Amino acid sequence: MTMRAFSAEQRKVYGIHAHDGTEYLKDDKSGDHVGRQQNHIWSAEEIDSELKSLYRHKPVTISDKFMNFVMSTLFKSFNFVTGYKEGNASVKSIEWRLIVLESVAGVPGFVAAGFRHFRSLRRLQRDHGWIATLLEEAENERMHLFVCLKMFEASKITRLAVLAAQFTLAPTLMLVYLVHPRSMHRFVGYLEETACHTYASIIEQVQRPGTPLHEGWKDLAAPETAIAYWKLPKDAKWVDALKCMFADECHHRDVNHTFAELTPTEPNPFVLKHKRDAMYAMVLEKEGRTAWPSAEEIANARIDKAIPASQEKK
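Residues numbered from 1 in each chain as written. Predicted model: local features only at pLDDT ≥ 70, side-chain atom pairs only at ≥ 80, totals over all residues. Heavy atoms only, no water.

Undergrad: Explain the overall build of the chain to me, please; I cannot follow it from the model alone.
TA: A tally of regular secondary structure across the chain gives 14 helices and two strands. Counting all 314 residues of the chain, 47% fall into the buried class. Pairs at least 24 residues apart make up 77% of the contacts formed inside the chain by residues separated by at least 6 positions. Counting every atom, the chain has about 16800 Å² of accessible surface; 60% of that belongs to carbon and sulfur. (Helix = DSSP H or I, 4+ residues; strand = E, 2+ residues; numbered from the N terminus. Buried < 20%, exposed > 50% of the residue type's maximum accessible area, 1.4 Å probe, protein only. Contact = heavy atoms within 4.5 Å. Areas by Shrake-Rupley, 256 points an atom, 1.4 Å probe, with all protein chains shown as cover.)

Undergrad: Looking at this structure, I do not really get the packing of helix 5 (residues 91-123) against helix 8 (residues 181-207). What am I missing?
TA: For any two helices packed against each other, the geometry is given by the interaxial angle and the distance between the axes. Look at helix 5 against helix 8: their axes get within 11 Å of each other, and the N-to-C directions meet at 155 degrees. Our classification of the angle between helix 5 and helix 8 gives roughly antiparallel. Where helix 5 crosses over helix 8, the two elements pack in a sense that is left-handed. Contact residues: Ile94, Arg97, Leu98, Leu101, Glu102, Pro108, Val111 and Ala112 in helix 5; Met184, His185, Val188, Ala195, Thr198, Tyr199 and Ile202 in helix 8. By residue class, the composition of the contact of helix 5 with helix 8 is 11 nonpolar, two polar and two charged. (Axes fitted to C-alpha atoms, helices over the stretch in contact; angles between N-to-C directions. Parallel < 35°, antiparallel > 145°, perpendicular 65-115°, else oblique. Left-handed = near helix turned anticlockwise from the far one by under 90°. Nonpolar A, V, L, I, M, F, W, Y, C, P; charged D, E, K, R; others polar.)

Undergrad: I'm lost on the nonpolar core in this one. Help?
TA: Grouped burial of nonpolar side chains is what soluble globular proteins tend to show. One finds Leu98, Trp217, Trp230, Trp238 and Leu242 to be the most contacted residues of the largest nonpolar core, which totals 70 residues. Broken down by element, the residue count for this core peaks at 12 residues, all from helix 8. In contact with Trp217, other than residues within four places in its own chain, are Val91, Ile94, Glu95, Leu98, Phe152, Ile202, Val206, Trp238 and Leu242. (Core = buried A, V, L, I, M, F, W, Y, C linked by side-chain atoms within 4.5 Å.)

Undergrad: What's the story with the side chain of Glu102 in this structure? I'm lost.
TA: Tracing the backbone shows Glu102 in helix 5. Buried charge Glu102 goes without a salt bridge, the closest partner of opposite sign being Arg97 at 10 Å. Side-chain polar atoms of Glu102 contact the side chain of His144, separated by 3.3 Å. (Lys, Arg positive; Asp, Glu negative; His and termini not counted. Salt bridge = Lys/Arg side-chain N within 4 Å of Asp/Glu carboxyl O. Polar contact = N/O pair within 3.5 Å; in protein donor to acceptor, adjacent residues only side chain to side chain.)

Undergrad: Can you walk me through helix 11 (residues 238-259) in this structure?
TA: Since the α-helix packs 3.6 residues into each turn, any two residues three or four apart lie on the same face. For helix 11, spanning 22 residues, the distance from its first C-alpha to its last is 32 Å, which sits close to the expected 32 Å at 1.5 Å a residue. In terms of residue burial, helix 11 counts as a mostly covered element, since 22 of its 22 residues are buried. (Expected span 1.5 Å × (residues − 1).)

Undergrad: What should I look at first to understand the packing of helix 3 (residues 44-52) against helix 11 in this one?
TA: Contact geometry for helix 3 and helix 11: axes closest at 10 Å, N-to-C directions at 60 degrees. With respect to each other, helix 3 and helix 11 are oriented oblique. Here helix 3 runs over helix 11; the crossing is left-handed. Residue-level inspection shows Ile47, Glu50 and Leu51 of helix 3 in contact with helix 11, the latter providing Lys243, Cys244, Phe246, Ala247, Cys250 and Arg253.

Undergrad: Explain helix 12 (residues 271-287) to me, please; I cannot follow it from the model alone.
TA: For helix 12, built from 17 residues, the straight-helix expectation of 24 Å at 1.5 Å per residue is met to within 8% by its first-to-last C-alpha distance of 26 Å. Of the positions making up helix 12, those classed as buried are Val271, Leu272, Lys273, His274, Asp277, Ala278, Ala281 and Leu284. Note on helix 12: the residue one or two positions beyond its end, Gly288, has a positive phi of about 70 degrees.

Undergrad: Help me understand the packing of aromatic side chains in this model?
TA: Think of a pair of aromatic rings as described by two things: how far the centres are apart, and how the planes are tilted against each other in angle. All chains considered together, the criterion is met by eight aromatic pairs. Taking the centre distance of 5.6 Å and the plane angle of 25 degrees together, the rings of Phe78 and Trp96 count as stacked. Of this pair, Phe78 sits in helix 4 (residues 62-82) while Trp96 is found in helix 5, placing the two residues 18 residues apart along the sequence. Of the residues examined, Phe78 reaches a relative accessible area of 23% and is grouped as partly exposed. Trp96 sits in the partly exposed class, given a relative accessible area of 23%. Their ring planes at 50 degrees and their centres at 5.6 Å tell us that Phe115 and Tyr177 sit as a pair that is tilted. (Phe/Tyr/Trp six-rings, centres within 6.5 Å; stacked < 30°, edge-to-face > 60°.)

Undergrad: Would you mind showing me how to read the layout of surface pockets here?
TA: In this approach, a probe sized like a water molecule rolls over the atoms, and the result shows the empty space that is left. As a volume, the largest pocket reaches approximately 750 Å³. Mapped onto the lining of the largest pocket, the elements with two or more residues apiece are helix 4, helix 5, helix 7 (156-179) and helix 8. In terms of residue count, the dominant contributor to the lining of the largest pocket is helix 4 (10 residues). Size it by volume and the second largest pocket reaches roughly 350 Å³. (1 Å grid on protein atoms, 1.4 Å probe; cavity = no way out; pocket = protein on both sides within 12 Å on 5 of 7 lines; lining within 4 Å. Points joined across faces, edges and corners; volume = space filled by probe spheres on them.)

Undergrad: Sorry, what's going on with unusual backbone geometry here?
TA: The bulk of non-glycine residues show a negative phi, and the bulk of peptide bonds are trans. The phi angle at Leu124 is positive, at roughly 55 degrees, despite the residue not being glycine. Taking the relative accessible area as the measure of exposure, Leu124 reaches 77% and is therefore exposed. Backbone geometry places His128, a non-glycine residue, at a positive phi of 60 degrees. Within the secondary structure, His128 sits in the loop between helix 5 and helix 6 (130-151).

Undergrad: Got a minute to help me understand the environment of Gly216 in this structure?
TA: Residue placement: Gly216 occurs in helix 9 (residues 212-217). The spatial distance from the C-alpha of Gly216 to the C-alpha of Lys92 is 9.9 Å, given a sequence separation of 124 residues.

Have a look at this one:
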């Protein structure tokens, strides 16, 4: 799934122009930094759509195949070491897994953003929106980590694993990005695919009676940090936060697979999304609305619908 061309409506509304066959935002639009760090507020319908449309990118080039092999090897090794059993995982194994996963997932975006930043300074050229999206991805993954830490504590072993993963992954990704940026984005795309499937499996287990995750997490309330970050209703459950994290990972998957197909000088097709996300978040804040209605609001709406207006007046 890629997003390379701007639509006719985007060209008109945002003042996009073409130069040498490539489309760019006009200077007055590219200088607008509203919402550069605003995360997407997911609706229940969007999350359901993502859950129904999981996909795996099919490697095409030699670098694609190599990165897919590396990611597959790391994933299987991680599962073996942690004793992860997909479909019937223990609560403790998932707690450990999420902390390590999210601490690792926050590294690539920041590495890529740093390289793009220095490239822009070194060449005295605009970045065309890549840095903003990469930094938002890194910040989003970091928020996933802290939402998880609101729900469960990291043991000393977990903290050591996080340190080892960061000290290994960060320099490796820096080297790969220095040599072949597209390969790093493709690797991250495959990494996010594993995250998407992991979260989808966790959500399914929480909602399926008889599993350890259902028994342990089905009634857990979402932490206040998650409610504020994704603008969830006040009665949101922990599984609702997990669904938002899943949807975020799906977006990161699409972003990195798209970046893996672009040249470094092509504009970021996701840059306009940040402003739309910020504007929508501000509307929700102003109107006091949430990503979707609470159970109480839904019940009240059903009652109002069931009672005719003539009876209400009586």
